[in-house]
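Breakdown of the fold
This is what each chain is made of:
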Amino acid sequence: MSCADESDEHWSYNNPSTWPDHFPAAGGSCQSPINVVSSETVPQQYPPFIFSPSYTGLTLLTLTNNGHQVAATLKKDTESETQSDLWITGGGLTDTFHFVNFHLHWGRNDRHGSEHEIDGNIFPAEAHVVLKNNETGKTAVLGFLFDIANSPDKENAQWKAYSTAASTLINIGDTVDCMINMSQLLNIEDKQFFCYIGSLTTPPCTEGVIWTIFIDTITILEDDLNLLRKNIMRKVYRPVQPVNDRIIYRNQVD
Ligand SMILES: [Zn+2]
C-alpha cells in the first residue's frame, strides 16, 4: 500500500530487494506482505466491522497515477464535507479509522498480482484500503484479494469503474474523477479475515500497520487488468516478506 505521498521517491517494482538500501524500515522484521499459512493462524473473537453511513452512498473520488499505482482519494474540494464521514471501526481496529485512499496491485499476468498469499496461493490482484486514526496517527489497511470474473456480469461494477477510469491515466500525475459506491466496492459483510501487524508495502515500508486480509475474493475481468497492465504499469506488487515470530490471527466465526 501507499499513503500516496511518496510519488517523488526513487524506487520501483523492478528491484524491491534493494528498497532497504534507501528505506531502512524495508529491511525490518515485521514487513508486509506475507504468505498467510492458514493452519498456523490463531482464532480470535473480533467485534463486527462498522462502516459509516456514507459508505452506502456515492463518493466522489480523484484517481491519480502517482508513478507507482493509481490511488483513489476523496476529491479535494469535497474533502471537508466527506472526510469525517468515511470511517471504519470494529474487527481488529480498536478505534475509529478514517479513509485515506484505495488502490489496486496487479501483476504482468493472472498468475501474479496479489501482494499477500494464502497458503502459497497467489491471486491476480489485491486491493488496499488505507485508513488512518487521526488521533494516534496509526495506519490500518484492509486487503481484498481478487479472482478473474468469467463473464462481464460477474464482475464487481465498482472495480470496473475504477479500472476503466484508472487505465486512462497514462502519464504520471494524470488525474480523473470517479464516482464510487464504497460499500459495493468492498462488499465485506460476513466475510472471514486474517489480522496481523505488518508494514506499508511501498517505501518507506514503515512498520506498525494493522492489516486485515479478507478471504472472500472480489471479481474483476481479465480485460480490465490487461488495460491497467498495458496503460499504467506491467506489475505493481511487492513479493512476500518473512513472517518471523509474528502471530497471524483469524476471526472466529460461529
Ligand atoms: Zn497497497
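My aim in this report is to walk through the structure given alongside it, one point at a time. For clarity, every value in this text was computed on a predicted model and none was experimentally measured. (Residues numbered from 1 in each chain as written. Predicted model: local features only at pLDDT ≥ 70, side-chain atom pairs only at ≥ 80, totals over all residues. Heavy atoms only, no water.)

Thoughts on the overall build of the protein chain
Counting its secondary structure elements, the protein chain contains five helices and 14 strands. Relative to its length of 254 residues, the protein chain is compact, with a C-alpha radius of gyration of 17 Å against a globular reference of 18 Å. Taking the principal axes of the C-alpha coordinates as reference, the protein chain spans close to 40 × 40 × 40 Å. Here the protein chain holds 254 residues, and the buried ones make up 50% of them. Taking all contacts inside the protein chain whose residues are at least 6 apart in sequence as the whole, residues at least 24 apart take part in 74%. For the protein chain, the accessible area works out to roughly 11400 Å², and carbon and sulfur atoms hold 50% of it. Mean positive and mean negative side-chain charge positions of the protein chain (16 and 31 charges, respectively) differ by 6 Å. (Helix = DSSP H or I, 4+ residues; strand = E, 2+ residues; numbered from the N terminus. Rg over C-alpha atoms; globule rule 2.2 N^0.38 Å. Buried < 20%, exposed > 50% of the residue type's maximum accessible area, 1.4 Å probe, protein only. Contact = heavy atoms within 4.5 Å. Areas by Shrake-Rupley, 256 points an atom, 1.4 Å probe, with all protein chains shown as cover. Lys, Arg positive; Asp, Glu negative; His and termini not counted. Charge placed at Lys NZ, Arg CZ, Asp CG, Glu CD.)

What about the environment of F97?
When you line up the elements, F97 lands in strand 7 (residues 93–106). Filtering out sequence-adjacent residues up to four positions away, F97 remains in contact with L86, W87, I88, L131, K132, N133, K138, T139, A140 and I210.

Focus on unusual backbone geometry
In this model, S32 is joined to P33 through a cis peptide bond whose omega is 0°. Inspection of the secondary structure puts P33 in the loop between helix 1 (19–22) and strand 1 (35–36). One non-glycine residue with positive phi stands out, namely D119, at about 50°. Within the secondary structure layout, D119 lies in the loop between strand 8 (117–118) and strand 9 (125–132). The exposure class assigned to D119 is partly exposed, which follows from its relative accessible area of 41%.

Focus: helix 3 (residues 157–166)
In an α-helix, one full turn covers 3.6 residues, which means residues spaced three or four apart are oriented alike. What helix 3 keeps buried is the set Q158, W159, Y162, S163, A165 and A166. The buried residues of helix 3 all sit within an arc of 165° when viewed along its axis, so they share a single face. The N-terminus of helix 3 is capped by N156, whose side-chain oxygen sits 2.9 Å from the backbone nitrogen of Q158. (Arc of directions from axis to C-beta. Polar contact = N/O pair within 3.5 Å; in protein donor to acceptor, adjacent residues only side chain to side chain.)

Description of the nonpolar core
Counting 52 residues, the largest nonpolar core has L63, F102, L104 and W159 as its most contacted members. When residues of this core are assigned to their parent elements, the largest contribution, six residues, is made by strand 7. Once residues lying within four places of it in the same chain are set aside, the contact partners of L63 are V70, A71, A72, Y162, A165, A166, L169, D174, T175, V176 and C178. By size, the runner-up hydrophobic cluster in this structure holds 13 residues, among which are I34, I118, V141 and L145. (Core = buried A, V, L, I, M, F, W, Y, C linked by side-chain atoms within 4.5 Å.)

Treat this as a map of the structure, not an account of what it does.
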